[in-house]
Structure formats: C-alpha cells, structure tokens
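Now for the letters of each chain:
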Amino acid sequence: MSTKKPSESRTVMTDMVLPSETNPLNNLFGGELLARMDRAASIAARRHSRRITVTASVNHVAFNRSVPLGSVVTVEASVSRAFKTSMEIYIDVWMEDRFTGERAKANEAIYTFVAVDETGIPTEVPQLEPETDLEKERFAGALRRKQLSLVLAGKMEPNKATELKALFTS
C-alpha cells in the first residue's frame, strides 16, 4: 500500500455564521459546528483513502471559544495517522473577528473514519508520512489515542497497550 503526505488530504472549509445557525446568545450552535467538522473530516478522509468513508467515532471535541454571529469560521481537517482501514482526522477550527479581522483558534476535534468498499466492508488505506513537527507530534499521539479508546471500549487488554504503558514506565 502506498504512502501519502498530510498535505495531500488537507481540507479547508470557510463559511460565515448566519442567524439561523445561532443559539439565543447569538453564538454558533455546537451541533452546527460538529456538522461542519464532520463534513471537512469526511472530505480529508476520502481524499486520503480515495474510498467511501464513514465516521467511526468522535474521539475528542473541545469547544474552547464561542463563535459569534457574523464570524468567519474556517475548519481545517487533516489525516493525522492512517491505520489498516481507519484514519484519525485532526480538526482545527479558526474564527475571524468580524470587526478586526484577527484570526484565533476557537475549537478542535479528533474524529476517526473508516474506509469502506461499495458493500460497506472496511478496506485498507494508504499509510501516512508526516513531514512537519506538528504532523509528527499528531502522528505519534494518534497511536496512544487509539490504544486508549480500544482499552476503554474493552477491545484491548490494558497490558497490550504498549504506547500507553510507555507513558507511565521508564
């Protein structure tokens, strides 16, 4: 199976927060932001695998800052690691202040997608070759996050989670 660079699957979606997408405080609904993140992550996963992809899990979401009405929101999604049939997608959400134009990180998330064939059977995906320091950091962390998810779901024995054990032993 071939390897790809994160830049080959990176997806950037920019949109404005409209009144129908806000809560009574005039901030973007969390569910609306989740939908935007899911779409961007889906495109990144499809670009990486060149297959149909499905959301397997939402592993982490941090709503660090509210996104007010009228803000320009940019969702950046990149494959941080590819496993056999699954891919971890790291999502950064940026907000542009409507008055000053200043750009600030508002939120982040980590999703897992699985590539499937036309019958819905998981299929192999290309491996990932990180290049930048940030890509390498996210790539290394992805295996720890996967092992933690598997242990918590009862699908992996804790003593087999070698990456997690390495965090606690010297």
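Just so we're clear, the structure is a prediction, and the values are computed from it rather than from any experiment.

Visitor: Tell me about the environment of Lys105, and name the residues and values.
Guide: Inspection of the secondary structure puts Lys105 in strand β6 (residues 103-116). Residue classification places Lys105 among the partly exposed positions, given a relative accessible area of 31%. On a C-alpha basis, the gap between Lys105 and Pro6 in space is 20 Å, while along the polypeptide they are 99 residues apart. With residues near it in sequence (within four places) discarded, Lys105 still touches Arg65, Asp92, Val93, Trp94 and Arg138. A distance of 2.7 Å separates the side chain of Lys105 from the side chain of Asp92, its partner in a polar contact.

Visitor: Summarise the sheet that holds strand β5 (residues 86-96); cite the residues concerned and give the values.
Guide: Backbone-to-backbone hydrogen bonds join strands into a sheet, with any given pair of strands oriented parallel or antiparallel. Spatially, five strands are ordered β2-β4-β5-β6-β3 in an open sheet, and the strand pairing comes out antiparallel. The two strands at the open ends of the sheet, each matched to only one other strand, are β2 (11-16) and β3 (52-63). With direction set aside, neighbouring strand axes in the sheet form an average angle of 25 degrees. Running at roughly 45 degrees to strand β4 (residues 72-82), helix α1 (residues 30-49) makes contact with β2, β3, β4, β5 and β6 of the sheet. The strands touched by helix α2 (residues 133-152) within the sheet are β4, β5 and β6, with β5 carrying the most contacts at an inclination of about 120 degrees.

Quick notes on the rules
- Within each chain, residue numbers correspond to sequence positions counted from 1 in written order.
- Residues qualify for local features only when their pLDDT is at least 70, as the model is predicted, and side-chain atom pairs are given and counted only at 80 or more; totals for whole chains, interfaces and linings, by contrast, use all residues.
- Calculation of side-chain values draws on the structure's entire complement of heavy atoms; hydrogens and water are dropped beforehand.
- Strands are runs of DSSP state E lasting at least 2 residues, helices are runs of H or I lasting at least 4, and numbering of each runs from the N terminus.
- The buried label goes to any residue with under 20% of its type's maximum accessible area, the exposed label to any with over 50%, and the partly exposed label to all in between, with areas taken from a 1.4 Å probe on protein chains only.
- Only heavy atoms enter the contact rule, under which two residues are in contact if any of them lie within 4.5 Å.
- Polar contact is the term for a pair of N or O atoms within 3.5 Å; when the atoms are in protein, one must be able to donate a hydrogen and the other to accept it, and sequence-neighboring residues count only if both atoms are side-chain atoms.
- Note: two strands are recorded as paired if DSSP finds a minimum of 2 bridges between them.
- Angles run from 0 to 180 degrees between N-to-C directions of axes, and those axes are lines fitted to C-alpha atoms, restricted for helices to the stretch in contact.

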